[in-house]
Structure formats: C-alpha cells, structure tokens
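Here is what each chain is made of, one letter per residue.
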Amino acid sequence: MDYVAVIAVEVLNAIATLVLVSIGLAVIFGMMRVINLAHGEFIMLGGYAATMAVKWGIDIWLSMLVVAPLAVGLAGAVLERLVIRHLYGRMLDAMLATWGLSLLLVGLTTAFFGTTTQGVQSPLGATSIGSYSVSLYAAFVITMAAVVCLLLYVLLRHTHFGLRARSVMQNASMAAALGMHPKRTYAVTFALGAALAGLAGGILAPITGVVPTIGVAYVAKAFITVIGGGTSILAGTVAASTVFGTVNQLVSFVATPVIGEVALLAVAMVLIRLLPQGITGRFFRGRI
Amino acid sequence: MDVSEKAMRKHLPTFACLVAAVTAICVLPSAVETFTLVEFTVYAIMAIFSLSLAFAWGYGGILCFGQAAFFGAGAYAYAIGVLNVGESTVAMLLAVAVPMLLATVLGYFMFFGRISDVYLGVVTLTVTLILYNLANSTSGDQYRIGAAVLGGFNGMPSLPTLNVPGSPGRLLDSVQMFQVCVVCLASVYIGLRALLSAHFGRVVVAVRENELRANLLGYDARKYKLGAFVISGGIAGLAGGLFANWGAFTSPTVFGLAQSAQAIIWVIVGGVGTLLGPVIGCIAIQWLTAYLGTIGWVNPNLVLGLILVLFVLTIPKGLAPILFMPFQWLLRQRSQVGNHEGRIP
Amino acid sequence: MSESLLSATGLGISFGGVQALTGIDFRLAEGELRCLIGPNGAGKSTFFKLLTGQYRPTAGCVTIRGTVTAGLEPYQIARLGVGIKTQVPSVFDGLSVDENIWLAVRRITGAPAARNAVFDVLEETGLEHLSARQVGTLSHGQRQWVELALVVASRPSLVLLDEPAAGMSDDEVKRTAQLITAINRHCALIVVEHDMEFVQMIAQKVTVFNRGSILVEGTVDEVLADPRVRDVYLGRDLEMRV
C-alpha cells in the first residue's frame, strides 16, 4: 500500500513537472500560434536566475518564485519586441528563428557562466511514507503546478486581460476592430509565457542543477506535450502531461529512466498520429 | 535558340560541377597540406548531408527537424557493419540502406497519416531524440550487435575505414578518402539534378507547390513525398557513413539536435529551393565555425544562432538568389516549353 | 440506371450535428451537361466535394460507371477519368503554364508524346500565347482557364467544375462558356454556379439545391419559371405559404 502511495507521488511529480515545463509554451502557442523553440532556454535562464540570486544572498523561495519569472519575463518581453514580433503568422519561420534564439542564448550563457553545472541545495528534506522515503520537494512541485494552473485559469477566465487575450486568440482582426491592441496583447502574452518558463526553471533548479545546455531536454518534452495537448491551453497541457507523465514514470520504474524517456516519446508519436489536432482537438473542446 | 545552345544551357551546372570535381580531385591533394585536405574532406561530407535536406525541404517541401536521425543511422550502420563483416563495401551499402528503411517506416507513418507540417517537425524531432537516447543508453558490453559493441555515450572508436572493394587490407589514405568524398558529392549533386528533371522529381515539386492539385491530376501525393523522404534519408545516411569513416569513430552526437540544427542552418543560409546554395552555405558555415574555434573566445553557438535569426528575419531566401542573380537573369531571358531544368542551380 | 455515367443514391453527409445533405438522388448521363444551382449554404459545394472524394458520405453512395467512390482518395477518383476544378483555383503557381499542363498530360502519355499533347491542350484552350508565363503572375481569369486546361488535359470523361466563372469580367465569362461548351463535345460536365446568366449560356438541365436536398430538376426555363425556385432565391420561407 505504501509502495503504491510512493509510486503515486512519483507519477504526480512527473505530471506536475511536465505541466510546469510546458505551460509557458502552451500559452504562447495557444494564443499566438508561435512555436517558441527557445522555450527550453527560457527555462534554463530561469534556473540560472534563481541560482545566481541565491548565490547573491536572496532567500531561495524568493529566488525561485519571484526573481526567476520576473527576470525571464523581462527577457521575453525584450525578445518579443526585437524578433518575435516580425514572425506572427509565419509558423515555420518562427520555429526557425526561435531555434536560432535558443542557440544564441546557449552561447551567451556559456560565455558568461561556463559549462560547469551549478547547483542550489534543495530547501526541503525528505519525509517517509511507511518504510519508504519520499522527497518533500516533490510535494512542492505538485503544489506549484496546481497553483500555476489555478492562477492561470483565474487570469484567463475572470480578468479583463484574460478576456482580451482570449478574444485576440480567437479572432485577432475582430478584436482589433473592437479597439483592442492585438500586438500589445501578444507582447504581454509572450512575456507571460516566458515568465512561466522562468518559474519552471527556478523551481526545477534545485533538482537538476543548471548548465547552459539543459534547455534541450526540456524543449522537446514541452513541444511534444503542447502539440499533443492541442489548442486548449490549460485543458490540453494538463491532459497531455497526465498521459505522458504517467507513461514516463511507470515505464521508468519497470525499466530504466532512459527507456522511460523513449516510452514518452513513442507514446507521443502514436497519440499525435491518432489525434492530429491533439487531445483537446477531439476531447474537451472549447475549454480554456 | 538552336538545339546545341539549349542543350548546353540545360547541362551547364552539371558540366560545371564535373569540372570542379575533377579539378579538386587532381589539383588539391598536391596543392594543400594533408591537414587542410582532411578539413576539406569533412566539408564535402557535410555538403552531402546538406544536399539531403536541401532536396527534401527545398524541393519536396518536407521540413525535417530530425535529419540527423538518418545521418546517425548511416554512421552507426557503417560502424556495426564494418566491425561485423570486416570489409567496408557492404558496410557502406548498409549505411545507405538502413536509413532508407527507417525513412520508409517513418515516412509511411507520417505521410499516409496526413499530419501537417508542424506535426511533421515534431515527429521528426522526436525520432532523433529517441535514437539519441537509445544510443546513449547502450553503455556496457551486453549492448552489442554481433561483434560490434555499441558503447553508449562513449561511442564506437577505432572503426576500420574504407578499403579498396574486395581487398580488406588495402585501406584508403587521406588523399584517396578526399577523392572518394568529392566524387560522392558530385554524384549526389548530379543525380539529384537528373532526378528533379525527370517525371518523378517534377511531381515532387508539384506536390510541394499544390498538393491538392497534384492529387486531382491523379498523382498519389503521399507516395511522392515518401519517395523524396526516402531518397533524402539515403543521402543523409551516405554522409553519415562517410563521416564515421572520416573520424574512424561514431558516437551518439551524430543523432543530436545540434547535428539537425546545423543542416537547417546551412539550407536557410544557402537558400531553400536550390541545391548549390546549401552546399555553399554548409561550407561557409563549417569554415566559419572552424575559424571561430581558432579564435577561441567567440562562442560558435552564439554566432550560429545570431546568423540563423538574422537570416530568417532579413534574408529568408538565403544567399543563393543573391549569388546566382547574374545566372538567373541570363537564363530567364529565353525560356522554352518543358525547359525547367534551367531553374535548378 | 445502367447508362448513367454518375449516380448518387440516398447520399447524405453530416458534420458534427449538422445534416448538410440528405437523401440526394442524382443521375448524370454520358455526355450530359448539368448545372447545380441554389442559394448559399444549400449544399451544392458539399455535394461537389462528395463527388470529388474530398468528403466521405455518412449515408448513401456515389458510383461512377458502376464503381463505388466512397472511401476512394481524390487521386483515385481522378484516375477513374474525372477532371476536377475547385472553387478556389488550384494550380501550380510557381510553375509555368506549359509545365502545369505537362504534369497533367504526362501521367496519361509517355515521355515522347507529352510535348505534343501539351501543344494540343494549349491550342484547345487558347493559351498558346501564355505558355511560358508563370501561373502565379497571371490574372484571376487566366488562372481559371489554366485550371480548365489542367482539367481537360488528362482527357477525362466527366468534368466537375466549381464556379468556373467566378470573379470574371463579362468577356471572360462568355469565353469560359464557349470553352465549356467545347469541352462538352467530349465529356459530361457538372457545373456548380451562382451566375444565372452564365448558367443560361451553357445549361441543358439544371438541378436546384436547397437546404441540403434537391428541390427541383429540369431545363433552365422550367426551373426559372418554377415559383418554388423563385421563393428559394428571394428568401421566402416555403412552409409559411401553407
């Protein structure tokens, strides 16, 4: 029974990690149909922001939850202005340009911080369920994923910004005719997506450490989760993360973590083949 | 325009390529030192790799984000083949055949499943990641195919290199290796030009132009895309096999995202929709990366990333239109029925 | 009905919960020219796409010379000898006119005969002077004619045209009508159209669609005189008259 509880926690942790890692990309893709391949690097930058903030004496919780998203959100706003703005409607060009951005950011970070892994201590210890030890940090990750989803839901459903954002997402020219500024909404949305990625990076930094190339692992999974999820930002991300996270974790238990990764990727390919519009292209349509 | 003039115009790029190749083979080995020749060899190998994507993307309209999957499959197929058979000829055939098989399976899954461009990018990206992960996880002696230990993230060192077909003892030296690679490059280029002038190639381009109309004319567009994809995979595999030879070594990085990214950058910089453009883009960027390596303080990723972003934003058609402008102007002056070969530089 | 070239029986299709077409019974004889008319949203284009294979029916079936077409891909239907022109011109904009036509004829003829076949089609459709032009640079009307050339190039026995005169000037419309009448000498045609003047130029028999089913069929004069057809076009609800 305890063993089941431990596995359940690990599976929820895997799902929560996927949600955190993917939600920023989902916001950007869902709102603007831009596939931001620099998303992994945003996560990486969030990790560096949190790590450096801790090194400079800022409390770790503040570093992870405030400094990281703010820093990366700002970086996202700048990049949107310089690069992304010119690529709306050109999906493949956006993919290529953001891939270039990702290389650029890796290069910049390597130049500044070198290639050695830096780390932060996990601020929480472990607890026990029966005779098994479970990391409390897993509980934190799961909680944060839930909080982020809830806040995002409230933002999109119950605020003016959310309403404007959703209307621009559904029909940009109509929104413009009604006096909204699609371009401004896009800029804010991109910054929001970047900030969410930064937040994920901050939260995950104590677990994995940071190195300039860590973004590569994240972007692929995020990309796959977002495409697998479909057009609904929240429902899609949560649904896809649940499927992929569960498969990943269970297969990792049975075999090795690497095989778990392979299983995740394989299931993603099959899912996209069966549901070309993603999960929310067929189920939960019209949800946020 | 009389017949001989028309024929000459149609075959000019092929002829020029042959001249360049023969010159390179005969002149360069004595003109440059061995170290430089070895550099040129890898440029030629990567140029073959760039042609594989130039064909699939520029002419077939298939933007494959994981072209390295076929490159790596070719490299590993060669490695496993040569270690088991002991002779390089069969191994090189495997280096072409195995990626083609992979492309057939993957292509069938994608094109007959009617997935869109973006999803195609996802799937191809995913496959290369799967292969990278699998290759990385094969550390330990139990992971072997026949006599070939896969070696995990350390890769497979000390591979036997190309020998004269039939005589396993007579290995090719670096001059001969260079010559073989140049011949392969020239053959692939000329072969692709011929393919694109033939019925098959023209339908592939038509499918890229307007898939619905191609279908309505009675062509099964899915089969043509699959065909283009498989050929592209085979060419990438050839490059991979030659690359494994070049370093006498292969490791999981041949499946890496960086390898795929490079191919995409070469094609964009060189010009999507041409064959020579990506070759030039490839050689230029390879040279630039090597040069940056000697400088040391400039990070290559930074420069490559900057180049990619700038090109997408400002020169999306790449260098080819600029470089070939004088030739294109000459060719466009007189155009005849069925004479579309002049448009494939 | 064994002399029918094309026949649809009980054909229907629904999208989500919307029944776009129901109970369509339709017969086309060899060499016949039929026009499909009806107000917007009546189901003409949906019916058209069911014939071309772009949509699959949810009820009933379509047969062309006895071959059931349900489940066939568009390219397979094309190979049955059906030429198709879509509502939005679907041509190879990046290629020249003769390259476009070459692709169409080359599937039927071998390589040596293709050149001559291209010349023939260019002559029939009056496009010789445009042969080297890139299709994307042509005017809208010229692009429609190029598409007509593509349609006839593979020598079909049935031609399906969706709004061939759309967006054309009066002169261009007359020319298109002449082209279609010429095409009709060799094959049967189904033409979806809005432009009633154009319909009167070419039509023998007309089928009127309304609200997902066939309202009436007959010659142009019969149909135009029918009060139900007038009501449908003027928007008066049929039920309310009772």
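Parameters and conventions
Residues numbered from 1 in each chain as written. Chains lettered and ligands numbered in written order. Predicted model: local features only at pLDDT ≥ 70, side-chain atom pairs only at ≥ 80, totals over all residues. Helix = DSSP H or I, 4+ residues; strand = E, 2+ residues; numbered from the N terminus. Buried ≥ 20, exposed ≤ 12 C-beta atoms within 10 Å, placed from the backbone. Contact = placed C-beta atoms within 7 Å. Rg over C-alpha atoms; globule rule 2.2 N^0.38 Å. Pairing = 2+ DSSP bridges. Axes fitted to C-alpha atoms, helices over the stretch in contact; angles between N-to-C directions. pLDDT = per-residue confidence, 0-100. Nonpolar A, V, L, I, M, F, W, Y, C, P; charged D, E, K, R; others polar. Parallel < 35°, antiparallel > 145°, perpendicular 65-115°, else oblique. Left-handed = near helix turned anticlockwise from the far one by under 90°. Core = buried A, V, L, I, M, F, W, Y, C linked by C-beta atoms within 7 Å. Expected span 1.5 Å × (residues − 1).

**Observations regarding the overall build of chain B**
Here comes step 1: Looking only at helices and strands, chain B has 14 helices and two strands in total.
Here comes step 2: Across its three principal directions, the C-alpha atoms of chain B cover 65 × 50 × 45 Å.
Here comes step 3: With 345 residues in all, chain B has 54% of them scored as buried.
Here comes step 4: For chain B, contacts bridging at least 24 residues in sequence account for 76% of all contacts bridging at least 6.

**A short note on the overall build of chain C**
Here comes step 1: On a plain count of helices and strands, chain C comes out with ten helices and ten strands.
Here comes step 2: Over its C-alpha atoms chain C spans a radius of gyration of 18 Å, differing by no more than 12% from the 18 Å that the globule rule assigns to 242 residues.
Here comes step 3: Expressed as lengths along the three principal axes of its C-alpha atoms, the size of chain C is roughly 65 × 40 × 35 Å.
Here comes step 4: Out of the 242 residues in chain C, the part that is buried amounts to 47%.

**A look at the sheet that holds strand β3 (residues 33-37) of chain C**
Residues and elements named next belong to chain C.
Here comes step 1: Pairing is mixed in the open sheet, where six strands are placed in the order β6-β7-β8-β3-β9-β10. In this open sheet, the two strands that pair with only one neighbour each are β6 (82-85) and β10 (213-219). Across the sheet, the mean angle separating the axes of adjacent strands is 15 degrees when strand polarity is ignored.
Here comes step 2: Of the strand pairs in this sheet, β6 and strand β7 (residues 158-162) are connected by four bridges, and their pairing is parallel. Its bridge partner being in β7, G83 is matched across the sheet by V159.

**A short note on the arrangement of the chains**
Here comes step 1: With two pairs of chains in contact overall, the greatest share of contacts is found between chains A and B.
Here comes step 2: When C-alpha atoms are compared, chain A and chain C, though not in contact, are closest at a spacing of 12 Å.

**What about the environment of A194 of chain B?**
Here comes step 1: Turning to its location among the elements, A194 of chain B is positioned in helix α6 (residues 174-197).
Here comes step 2: Between the C-alpha atom of A194 of chain B and that of V38 of chain B, which follows or precedes it by 156 residues, the distance is 29 Å.

**Remarks on the confidence of the model for chain C**
Residue and element names in this part refer to chain C.
Here comes step 1: Looking at chain C as a whole, the pLDDT averages 87, with 95% of positions reaching at least 70.
Here comes step 2: Within the model, pLDDT remains below 50 along residues 237-242, and this stretch shows two contacts once partners closer than five positions in the same chain are excluded.
Here comes step 3: For this predicted complex, the interface confidence comes out at an ipTM of 0.89, alongside a pTM of 0.87.

**Thoughts on the interface of chain C and chain B**
Here comes step 1: Contact residues are listed per partner, giving 24 residues for chain C and 18 residues for chain B.
Here comes step 2: Those elements that place two or more of their residues in the side of chain C that touches chain B are α2 (74-79), α3 (97-106) and α4 (111-124) of chain C.
Here comes step 3: Ranked by residues supplied to the side of chain C that touches chain B, first place goes to α3 of chain C with six residues.
Here comes step 4: Of the residues belonging to the side of chain C that touches chain B, the class tally is 13 nonpolar, four polar and seven charged.

**Brief notes about the packing of helix α3 (residues 68-85) of chain B against helix α5 (residues 117-136) of chain B**
Residues and elements named next belong to chain B.
Here comes step 1: α5 packs onto α3 with a crossing angle of 35 degrees between their chain directions and a minimal axis gap of 9 Å. Contacts between α3 and α5 involve A68, A69 and G72 on the former and, on the latter, V127, T128 and L131.
Here comes step 2: In terms of residue class, the contact of α3 with α5 is made up of four nonpolar, two polar and no charged.

**Some points on the sheet that holds strand β2 (residues 18-29) of chain C**
All names here are of chain C.
Here comes step 1: Pairing is antiparallel in the open sheet, where four strands are placed in the order β2-β1-β4-β5. Of all the strands in the sheet, the pair left with one neighbour each is β2 and β5 (67-68).
Here comes step 2: Sheet analysis places strand β1 (residues 4-15) next to β2, joined by eight bridges and oriented antiparallel. Note on β2: the bridge partner recorded for S14 is Q19.
Here comes step 3: Contacts between helix α1 (residues 44-52) and the sheet are confined to β1, β2 and β4 (59-64), with β2 contributing the most and set at about 65 degrees to the helix.

**Overview of the packing of helix α6 (residues 160-170) of chain A against helix α8 (residues 182-208) of chain A**
All names here are of chain A.
Here comes step 1: One can describe the packing of α6 onto α8 by two numbers: an axis separation of 10 Å at closest approach and a directional angle of 110 degrees. Between α6 and α8, the interaxial angle falls into the category roughly perpendicular. In the crossing of α6 with α8, the sense of the turn from one axis to the other is left-handed. Mapping the contact onto sequence places R164, A165 and V168 in α6 and P182, T185 and T189 in α8.
Here comes step 2: Grouping the constituent residues of the contact of α6 with α8 by class yields three nonpolar, two polar and one charged.

**Describing the nonpolar core**
Here comes step 1: Ranked by internal contacts, the top residues of the largest apolar core, which has 297 residues, are I48, L51, A239 and L308 of chain B together with I101 of chain C.
Here comes step 2: The greatest single-element share of this core, amounting to 16 residues, is contributed by helix α1 (residues 2-32) of chain A.
Here comes step 3: The contacts of I101 of chain C, once residues within four sequence positions are left out, are V118, V121, L122, A149, L150 and A153 of chain C.

**Examining the interface of chain A and chain B**
Here comes step 1: Counting residues at the interface gives 36 residues for chain A, matched by 33 residues for chain B.
Here comes step 2: Those elements that provide at least two residues to the side of chain A that touches chain B are α4 (91-113), α9 (215-229) and α11 (257-274) of chain A.
Here comes step 3: A total of 17 residues in the side of chain A that touches chain B trace back to one element, the largest contributor, which is α4 of chain A.

**Overview of helix α5 (residues 136-158) of chain A**
Residue and element names in this part refer to chain A.
Here comes step 1: Given a rise of 1.5 Å per residue, 23 residues ought to cover 33 Å, and the 32 Å separating the end C-alpha atoms of α5 matches this to within 8%.
Here comes step 2: Looking at α5, one finds that the buried residues are A138, V141, M144, A145, V148, L152 and L156.
Here comes step 3: In this structure, the buried residues of α5 make contact with α1, β2 (132-135), α6, α8 and α10 (233-254).

**With respect to the confidence of the model for chain B**
All names here are of chain B.
Here comes step 1: Confidence along chain B averages 86 in pLDDT terms, with 92% of residues attaining 70 or more.
Here comes step 2: The secondary structure element of chain B with the lowest average pLDDT is helix α14 (residues 325-333), at 65, and the one with the highest is helix α9 (residues 221-247), at 96.
Here comes step 3: Considering only residues more than four positions removed or in separate chains, one finds that residues 334-342, a stretch of pLDDT under 50, has 18 contacts.

**Here's the deal with unusual backbone geometry**
For residues other than glycine, phi is negative in most cases, and the peptide bonds are mostly trans.
Here comes step 1: In this structure, A248 of chain B is a non-glycine residue whose phi angle is positive, near 50 degrees.
Here comes step 2: Position of A248 of chain B among the secondary structure elements: in the loop between α9 and α10 (257-270).
Here comes step 3: With a phi angle near 50 degrees, R65 of chain C is a residue other than glycine that sits in the positive phi range.
Here comes step 4: Structurally, R65 of chain C can be placed in the loop between β4 and β5.

**Points about the environment of L226 of chain B**
Residues and elements named next belong to chain B.
Here comes step 1: Of note, L226 is situated in helix α9.
Here comes step 2: Taking the C-beta count within 10 Å as the criterion, L226 has 21 such neighbours and is therefore assigned buried.
Here comes step 3: Considering only alpha carbons, one finds L226 and G72, 154 residues apart in sequence, at a separation of 20 Å.
Here comes step 4: If sequence neighbours within four positions are ignored, L226 has contacts with G107, Y108 and F111.

**As for the environment of Y75 of chain C**
Here comes step 1: As for its position among the elements, Y75 of chain C is in helix α2.
Here comes step 2: For the pair formed by Y75 of chain C and Q54 of chain C, sequence separation is 21 residues and the distance between their alpha carbons is 9.9 Å.
Here comes step 3: The residues contacting Y75 of chain C, other than those within four sequence positions of it, are N215, G218, Y219 and D220 of chain B.

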